[in-house]
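Here is how the chains run, residue by residue.
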Amino acid sequence: MTEPVLSIRDLVVEFDTTDGVVHAVDGVSYDVHPGETMGVVGESGSGKSVTVMAALGLIQIPPGRIVNGEVLYKGRNILGLDEDELRKIRNKEIAMIFQDPMTSLNPVFKVGDQIAEALLVHDDKLTDDAARKRTVDLLEMVGVPNPDRRFDQYPHEYSGGMRQRAMIAMAMANQPSVLIADEPTTALDVTIQAQVLEVMKVAAEETGAGTVMITHDLGVVAEMADRVTVMYAGRVVESGTVDEIFHNPKHPYTLGLMMSLPRVTGEMQKLLPIPGNPPSVISLPPGCAFHPRCRMSEGRELCRTKVPELVEASPGHMSACHFPDEVAIEAKREASVTGLEV
Amino acid sequence: MGTFIARRLLYSIPVLLAATILVFFGMTAVTDPISQIRLQPNVSQQTIQNIIDRKHLDEPVVVQYGFWLRDVFFNQFGNTALGDQPIWPDLSRAIGNTMQLVFISELIAVVLAVVLGVFSAKKQYSFFDYATTTISFFGFSVPIFWFALILQALATWFFLETGFRLFYTFGQSSFAPENAFIDRIQHMVLPIVTLSYVSIATYSRYQRASMLEVLHSDYVRTARAKGVKERVVTMKHALRNALIPVVTIAALSFGAVLGGAVITETIFAWPGMGKFFIDALIRGEVYTLMAWLMVTAVAVILANLVADIVYGWLDPRIRYD
Amino acid sequence: MTDQQVRKDDEIAEAQTQAVIDSAHLEGLEIKSLTQWQLARRKFFQHKLAMTSLVILLLVFLAALFADFIAPYDFAEPDVPNRSSPPTFEGQHYFGTDKIGRDYFSRTLFGTRTSVYVAFIVASVSTVIGVIIGGVAGYYGGAIDNLLMRMTDLFLTIPFLAILLVLSAFLGAGSPVRVAFILGFLFWTGLARIVRGEFLSLREKEFVEAAKVLGASDSRIIFRHILPNTLGPIIVNATLTVAAAILVEAALSFLGFGVQPPFPALGVLIADGQDSLTTLWWLATFPGLTIVLIALCINFVGDGLRDAFDPKQRVK
């Protein structure tokens with residue numbers, strides 16, 4: 001296996017709020033290898049976005065605070081680098097695509113200029129003409145029609161899907177080694193989502209980058225990811241290859257996510273939602289943070305008292321559940337309720 | 001842009017007409033020229049009859065309005081009721097003097113407020129931020145006339161203590177000054193400080209609030225994620241967006257600034273519109289007051305037009321073909 | 001002038017989406033189930049500056065209210081031997097006396113009473129008018145709304161102070177009550193706009209739709225469902241109006257078109273001291289400082305109330 005291009009180690013991020021300290025990220029680790037796509041899955045508030053924002057120094061400090069951890073980019077720790085060094089890494093080495101293309105582009109500047117700026121800030125020698133030419137090429141690559149004319153248009157003249165394409169063009173402008181896409185399709189129409197995912201694949205192939213695909217949508221993960229990290233309440237609860245995670249989940253939360261996912265199979269199925277709500281990240285429940293919502297934990301002292309470690313449940317498959325092997329049994333039980341095969 | 005301005009000027013015509021209705025009928029509702037003149041001693045019945053004939057005061061109010069409107073548009077607001085003196089020469093001189101004050105103080109206010117607002121937002125919760133916030137809260141809370149008096153007292157005290165005339169507290173110019181330009185500035189400083197202080201207080205709060213909002217926006221995050229230097233993020237990506245609300249406020253406040261000028265000019269005896277207004281008010285010169293009100297209405301409408309043009313320049317979404 | 005500041009202030013509140021932490025960071029934050037009022041009260045009590053200001057304000061208001069008992073002298077009766085006395089504790093001329101020996105501490109107390117009295121009437125009258133007009137425009141919309149908004153637009157084209165001066169001069173102000181009503185009948189536009197905006201958005205809300213479907217009458221919907229939800233901005237606006245009214249009344253009285261002697265008002269006192277700024281400096285200074293103190297405290301209280309009522313400002 002190749003060396004990971006991006007490696008997050010034991011990252012802990014907290015926020016001070018009037019209501020107390022928010023433990024947004026609590027000891028998160030995962031690796032991304034060149035050319036592969038790592039899907040990071042979890043509900044809103046699970047800390048999946050904060051993890052990458054903190055890695056790039058894009059959270060506000062204060063109220064934010066990085067308590068612990070390392071972010072290794074090509075083996076070098078970039079966490080806590082000074083602003084100027086981080087600035088040189090952003091977009092050039094690690095580029096981001098954000099959730100809402102409607103608000104992620106600056107409304108008062110031309111789309112083309114905003115993309116070209118990504119080139120110009122990282123290359124003093126680049127002329128404006130050359131930047132424009134390269135930008136037009138990028139727009140063409142991501143499937144924006146009439147790129148030369150589109151260069152001079154403003155964001156409000158672009159549709160949502162087109163804006164997200166422009167954001168992808170911006171992210172791949174400097175051929176980064178890591179692409180981070182934070183819910184890139186969530187804000188888009190379903191019909192546009194598939195197209196944007198296709199463009200994401202093009203971008204990953206063009207740049208050869210390792211991709212972090214942050215999403216709450218298991219469908220996107222199934223479509224895009226090679227490996228998956230599942231996060232819950234600021235912690236990683238399960239990780240493994242996409243096949244392992246989908247066919248052999250080792251954590252009840254992952255199972256719950258899949259059971260609550262509607263599938264078009266022709267038959268009518270019952271959906272089984274995860275009971276309860278995500279926990280308050282200010283005061284996590286003791287023991288396993290998921291236990292109040294977990295059917296498997298009923299009557300089990302261990303789940304309520306001891307925080308489960310993330311350990312290898314089977315080769316290459318990590319789980320933070322005290323009873324990883326019972327997930328399969330639970331899956332069968334739930335399958336009998338819903339008529340759904342995992 | 002040319003067509004936009006032309007169209008925008010066309011839209012201003014109904015607003016202007018509505019303003020004439022408000023001014024004329026509003027004024028007629030609270031007083032009339034004759035009852036004001038009757039308050040003055042030594043005015044003969046013949047004089048009053050002349051005024052009634054001249055101003056058609058025996059006709060229905062709507063007809064009077066028509067005659068007044070004709071005077072406004074074709075006779076430079078016509079003449080005063082009592083002395084039958086043309087209104088415009090004095091008024092236009094006053095407008096010139098007031099605009100000197102108002103333009104300079106608004107320019108200073110906008111520039112300073114933007115600088116203060118941007119720095120407070122960048123250094124939110126810092127000492128600097130708290131200091132500007134406190135100063136602007138004082139700006140909301142200090143009566144403008146009292147502030148002017150304090151400045152006047154300080155300047156006078158300084159002169160009495162040192163014998164050196166730094167700033168004048170009265171009028172527009174000295175009699176036979178050595179250097180007319182410096183003399184004018186010595187006269188202008190205190191009124192300008194007074195006028196701009198309140199504006200700075202208001203505008204800087206706006207600039208700070210809108211800058212904070214913009215600094216937390218998604219597109220500023222995008223700019224940072226692109227690797228743009230923080231200084232460029234602030235001055236290019238954020239500031240341009242954050243200026244838009246401040247332009248609105250500055251335009252909307254133009255009427256309030258003219259109101260502030262009334263007080264400031266009265267205290268510093270500046271021969272501008274404010275003093276002109278108070279004098280007309282004391283004399284009960286209804287037609288002069290109506291002319292004054294119409295001039296301020298036009299000024300405010302023009303200020304809003306300028307604001308619209310600035311918007312178009314700042315924000316392509318409201319760009320006009 | 002200050003009416004527009006109030007309006008601007010409220011626009012600041014709207015503009016201040018000070019989501020210090022990106023909303024994404026806090027999506028999972030569980031909101032404790034306090035009612036809006038409990039939350040607002042808790043947040044207001046935690047606001048140290050606002051609470052301190054409130055206490056100072058109450059003390060000043062009480063002193064003004066009981067001026068008859070607290071003031072060492074009558075406000076008009078001169079203490080002839082102590083004419084032009086600078087501030088002194090002996091003889092209890094804390095704020096000095098004027099050329100004919102009137103005690104300025106007492107005059108300031110009585111002046112404060114007049115000014116505060118006027119300001120409260122202004123705030124009450126303008127709040128009632130503003131809520132009614134804004135509510136009608138926002139709830140019924142259409143032509144009424146259009147007419148109202150065009151009218152307030154039109155009023156913006158003429159300096160507020162000029163309108164006030166014309167009205168005060170020709171309708172004959174003079175007594176505090178007359179001044180208060182003239183001001184009150186002109187101060188409502190800012191609040192009307194705010195209330196209109198709130199009504200416009202609330203009438204589209206599900207709970208209002210539901211009440212309509214259930215056959216609730218318009219007045220029931222307005223008074224039971226919509227109005228309680230707009231009380232926050234109304235209270236904030238009414239508070240700030242008190243400060244604005246004090247400043248505007250003082251300016252009017254100073255120029256000689258507001259409260260007029262023999263009624264003592266702070267603006268009148270300052271005008272009296274204007275001619276002897278450098279010799280009897282205390283005459284203009286203390287009434288002025290009193291206005292600043294009151295207006296500043298009210299503005300801080302208003303700011304605290306706004307923070308307290310603003311659900312967006314939960315994060316430090």
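Residues numbered from 1 in each chain as written. Chains lettered and ligands numbered in written order. Predicted model: local features only at pLDDT ≥ 70, side-chain atom pairs only at ≥ 80, totals over all residues. Heavy atoms only, no water.

**So, the overall build of chain B**
Definition in use: Numbering of helices and strands runs from the N terminus, with a helix taken as a DSSP run of H or I at least four residues long and a strand as a DSSP run of E at least two residues long. Relative accessibility decides the category of a residue: with a 1.4 Å probe and only protein chains considered, values under 20% of the type maximum give buried, values over 50% give exposed, and everything between is partly exposed. Only four residue types enter the tally: Lys and Arg on the positive side, Asp and Glu on the negative side; His and the chain ends are excluded. To locate a charge, take atom NZ for lysine, CZ for arginine, CG for aspartate or CD for glutamate.
Scanning chain B from terminus to terminus reveals 13 helices and 0 strands. Going residue by residue from the N terminus, the α and β elements of chain B occur as α-α-α-α-α-α-α-α-α-α-α-α-α. Summarising its shape, the C-alpha atoms of chain B cover approximately 80 × 60 × 35 Å along the three principal directions. For chain B, buried positions account for 55% of its 321 residues. On chain B, the mean spot of the 24 positive side-chain charges and the mean spot of the 21 negative ones are 14 Å from each other.

**Regarding the overall build of chain C**
Short version of the rule: Working definition of accessibility: Shrake-Rupley area with a 1.4 Å probe, residue cover restricted to the visible protein chains.
Counting its secondary structure elements, chain C contains 14 helices and 0 strands. Each helix and strand of chain C, ordered N terminal to C terminal, gives the series α-α-α-α-α-α-α-α-α-α-α-α-α-α. By residue count, 58% of the 316 residues in chain C fall in the buried class. Carbon together with sulfur atoms contributes 64% to the accessible area of chain C, which is approximately 13400 Å² in total.

**Let's talk about the nonpolar core**
For the record, the criterion: Take the buried residues of types Ala, Val, Leu, Ile, Met, Phe, Trp, Tyr and Cys, join any two whose side-chain atoms come within 4.5 Å, and each joined set is a nonpolar core. Contacts are assigned to residue pairs with any non-hydrogen atoms lying within 4.5 Å of each other.
Within the largest apolar cluster, 157 residues are counted, with the highest numbers of intra-cluster contacts made by B:Trp68, B:Phe277 and C:Leu165. Beyond its immediate sequence surroundings of up to four residues, B:Trp68 is in contact with B:Thr20, B:Val23, B:Phe24, B:Tyr287, B:Met290 and B:Met294. Ranked by size, the runner-up nonpolar core spans 73 residues in total, among them A:Val25, A:Ala95, A:Met162 and A:Val178.

**With respect to the interface of chain A and chain B**
We count it as follows: As used here, buried area is the combined drop in accessible area, with a 1.4 Å probe, of two parts when they are placed together. Contacts described as polar in this section are N or O atom pairs within 3.5 Å, which, within protein, must combine one atom able to donate a hydrogen with one able to accept it, while residues neighboring in sequence count only if both atoms come from side chains.
Taken together, the contact between chain A and chain B spans 26 residues of the former and 22 residues of the latter. Contact with chain B buries surface across chain A, with A:Val108, A:Phe109 and A:Glu117 losing the most and accounting together for 25% of the total. At the boundary of chain A with chain B, the tally comes to 13 residue pairs in polar contact (both at pLDDT 80 or more). Elements supplying a minimum of two residues to the side of chain A that touches chain B: helix H2 (83-89), helix H3 (101-104), helix H4 (111-120) and helix H7 (160-172) of chain A.

**Notes on the packing of aromatic side chains**
Residue and element names in this part refer to chain B. Rule in force here: Working definition: a ring pair exists when centres of Phe, Tyr or Trp rings (six-membered ring for Trp) sit within 6.5 Å. Plane angles under 30 degrees give stacked, over 60 give edge-to-face, the rest tilted.
Under the defined criterion, the tally for this structure stands at 25 aromatic pairs over all chains. Centre to centre, the rings of Phe277 and Trp292 are 4.3 Å apart; their planes meet at 40 degrees, and the pair counts as tilted. With a gap of 15 residues between them, Phe277 in helix H12 (residues 273-283) and Trp292 in helix H13 (residues 286-314) connect regions that are remote in the sequence. For Phe277, a relative accessible area of 0% translates into the label buried.

**Concerning the sheet that holds strand S6 (residues 94-97) of chain A**
Residues and elements named next belong to chain A. For clarity, the threshold we go by: When DSSP finds two or more bridges between a pair of strands, those strands are recorded as paired. To get an axis, fit a line to the C-alpha atoms, keeping to the stretch in contact for a helix; angles then go from 0 to 180 degrees between the N-to-C directions.
One open sheet holds the 8 strands; their spatial order is S6-S7-S8-S3-S9-S10-S12-S11, and the pairing between them is mixed. For this open sheet the edge positions go to S6 and strand S11 (311-314), each flanked by a neighbour on one side alone. Pairs of neighbouring strands in the sheet enclose a mean axial angle of 25 degrees, with direction left out of account. Packing of helix H1 (residues 48-55) onto the sheet brings it into contact with strand S3 (37-41), S6, strand S7 (178-182), strand S8 (210-215) and strand S9 (227-232), and relative to S8 it is tilted by some 140 degrees. Sheet strands in contact with helix H11 (residues 252-259) are S3, S9 and strand S10 (235-241), and its direction is about 100 degrees off that of S9.

**Structural notes on the pairing of strand S1 (residues 6-17) of chain A**
Residues and elements named next belong to chain A. In terms of residue burial, S1 counts as a mostly covered element, since 9 of its 12 residues are buried. Across 8 bridges, S1 lies against strand S4 (residues 64-73) in antiparallel orientation. Residue pairing across strands places Glu14 opposite Arg65, the latter belonging to S4. In the sheet, S1 pairs with strand S2 (residues 20-32) via 10 bridges, with the strands oriented antiparallel.

**Details of the domain arrangement of chain B**
Test applied: Source of the domain bounds: an automatic or database domain assignment.
In terms of domain boundaries, chain B breaks down into domain 1 (2-74) and domain 2 (95-283). Between domain 1 of chain B and domain 2 of chain B, the C-alpha centre-to-centre distance is 35 Å.

**As for the sheet that holds S1(A)**
Taking strand neighbours across the sheet as the criterion, the 4 strands line up as S2-S1-S4-S5 (chain A) in an open arrangement whose pairing is antiparallel. Bordering the open sheet on either side are S2 and strand S5 (76-77) of chain A, each of which pairs with just one other strand.

**A word on the interface of chain C and chain B**
Filter applied, for reference: We count a salt bridge whenever a side-chain nitrogen from Lys or Arg sits within 4 Å of a carboxyl oxygen from Asp or Glu.
Contacts between the two partners involve 52 residues from chain C and, on the opposite side, 59 residues from chain B. In total, chain C and chain B occlude about 4700 Å² of area from one another, counting both sides; carbon and sulfur atoms represent 76% of this. If you look at where chain C meets chain B, you find 0 salt bridges. Where chain C packs against chain B, one counts 3 residue pairs in polar contact (both at pLDDT 80 or more). For the side of chain C that touches chain B, the elements supplying multiple residues, two or more each, are helix H1 (2-15), helix H7 (142-156), helix H8 (160-171), helix H12 (218-255), helix H13 (266-273) and helix H14 (282-309) of chain C.

**Observations concerning the packing of helix H6 (residues 104-140) of chain C against H13(C)**
Helix-helix packing is described using two parameters, namely the angle between the two axes and the distance between the axes. Residue and element names in this part refer to chain C. Put simply, the rule is: Working definition: roughly parallel below 35 degrees, roughly antiparallel above 145 degrees, roughly perpendicular at 65 to 115 degrees, and oblique for all remaining angles. Here the term charged refers only to Asp, Glu, Lys and Arg, the term nonpolar to Ala, Val, Leu, Ile, Met, Phe, Trp, Tyr, Cys and Pro, and the term polar to all other amino acids, Gly among them.
Running from amino to carboxyl end, H6 crosses H13 at an angle of 140 degrees, the nearest separation of the two axes being 8 Å. Compared by their axis directions, H6 and H13 come out oblique. Side by side, H6 and H13 meet where Tyr104, Arg107, Thr108, Gly111, Thr112 and Ser115 of the first sit next to Leu266, Leu269 and Asp272 of the second. Per-class residue counts for the contact of H6 with H13 are 3 nonpolar, 4 polar and 2 charged.

**Quick look at the pairing of S11(A)**
Residues and elements named next belong to chain A. Judged from the 3 bridges that link them, S11 and strand S12 (residues 317-319) form a sheet pairing that is antiparallel. Paired with Ser314 across the strands is His317, a residue of S12. Between S11 and S12, which pair antiparallel in sequence order, lie 2 residues; one of them, Gly316, sits at a positive phi of approximately 75 degrees.

**Section: unusual backbone geometry**
All names here are of chain A. Positive phi is not limited to glycine here, since Asp10 has a value of about 50 degrees. Inspection of the secondary structure assignment puts Asp10 in strand S1. Phi angles above zero are rare outside glycine, and Asn91 is one such case at about 70 degrees. In this structure, Asn91 sits in the loop between H2 and S6.

**A look at the environment of B:Arg54**
Residue and element names in this part refer to chain B. In this fold, Arg54 is placed in helix H3 (residues 45-54). By relative accessible area, Arg54 is classed as partly exposed at 31%. Considered as a pair, Arg54 and Pro271 are 217 residues apart in the sequence and their alpha carbons are 29 Å apart.

**What to know about helix H1 (residues 2-30) of chain B**
To keep it simple, the criterion reads: Expected helix span is taken as 1.5 Å per residue step, with the number of steps being one fewer than the number of residues.
For H1(B), which comprises 29 residues, the first-to-last C-alpha distance of 42 Å matches the rise-based estimate of 42 Å (1.5 Å per residue) to within 8%. Along H1(B), the residues that are buried comprise B:Phe4, B:Arg8, B:Ser12, B:Ala19, B:Thr20, B:Val23, B:Phe24, B:Met27 and B:Val30. Contacts made by the buried residues of H1(B) are with helix H4 (61-74) and H13 of chain B together with H7 and H8 of chain C.

**Comments concerning the environment of B:Thr194**
Residue and element names in this part refer to chain B. Summarising the element assignment, Thr194 is placed in helix H8 (residues 180-215). Taking the relative accessible area as the measure of exposure, Thr194 reaches 1% and is therefore buried. Taking the C-alpha atoms as reference points, Thr194 and Phe145, separated by 49 residues in sequence, lie 8.5 Å from one another. In this structure, Thr194 is in contact with Ile144, Phe147, Ala148, Leu151, Thr264 and Phe268, ignoring residues within four places of it in sequence.

**Focus: the confidence of the model for chain B**
Selection rule: The score called pLDDT rates the predictor's confidence residue by residue, from a low of 0 to a high of 100.
On average, residues of chain B score 87 in pLDDT, and 99% of them are at 70 or above. Mean pLDDT per element in chain B: helix H2 (residues 33-38) of chain B is the minimum at 76, and helix H5 (residues 88-122) of chain B is the maximum at 92.

**A look at the state of the cysteines**
Disulfides are covalent bonds that link the sulfur atoms of two cysteine residues. All names here are of chain A. Spelled out, the test is: Here, a disulfide means two cysteine sulfur atoms that sit within 2.5 Å of each other.
One pass over the structure, following the stated rule, counts 0 disulfides over all chains. Cysteine Cys303 shares no disulfide, and the gap to the nearest cysteine sulfur, in Cys294, comes to 6.2 Å. Owing to a relative accessible area of 7%, Cys303 belongs among the buried residues under this scheme.

**Points about H4(B)**
Residue and element names in this part refer to chain B. Our working definition: Our arc is simply the arc of the directions from the helix axis toward the C-beta atoms.
Look at H4: 20 Å from first C-alpha to last across 14 residues, which is about the 20 Å you get at 1.5 Å a residue. Residues of H4 that are buried: Gln64, Tyr65, Trp68, Leu69, Asp71 and Val72. All buried residues of H4 fall inside an arc of 160 degrees around its axis, so they share one side. For H4, exposure combined with an orientation more than 90 degrees from the buried face picks out Val62 and Phe74. Those residues of H4 hidden inside the fold are in contact with H1 and H13. The positive-phi residue at the C-terminal boundary of H4 is Gln76, with phi of around 50 degrees.

**A few points about the pattern of salt bridges**
Counting across every chain of the model gives 34 salt bridges over all chains. The closest approach of N and O atoms between C:Asp68 and C:Arg113, which form a salt bridge, is 3.2 Å. Of this pair, C:Asp68 sits in helix H5 (residues 67-70) while C:Arg113 sits in helix H6, and the two are 45 residues apart along the sequence. We classify C:Asp68 as exposed; its relative accessible area is 51%. In this structure, C:Asp145 engages C:Arg196 in a salt bridge whose closest nitrogen and oxygen atoms are separated by 2.5 Å. Highlighted residues: C:Asp145 in helix H7 and C:Arg196 in helix H10 (residues 189-202), separated in sequence by 51 residues. We note that C:Asp145, like C:Arg196, is buried. Among the charged side chains, a salt-bridge network with shared partners connects A:Lys110, A:Arg132, A:Asp148 and A:Asp152.

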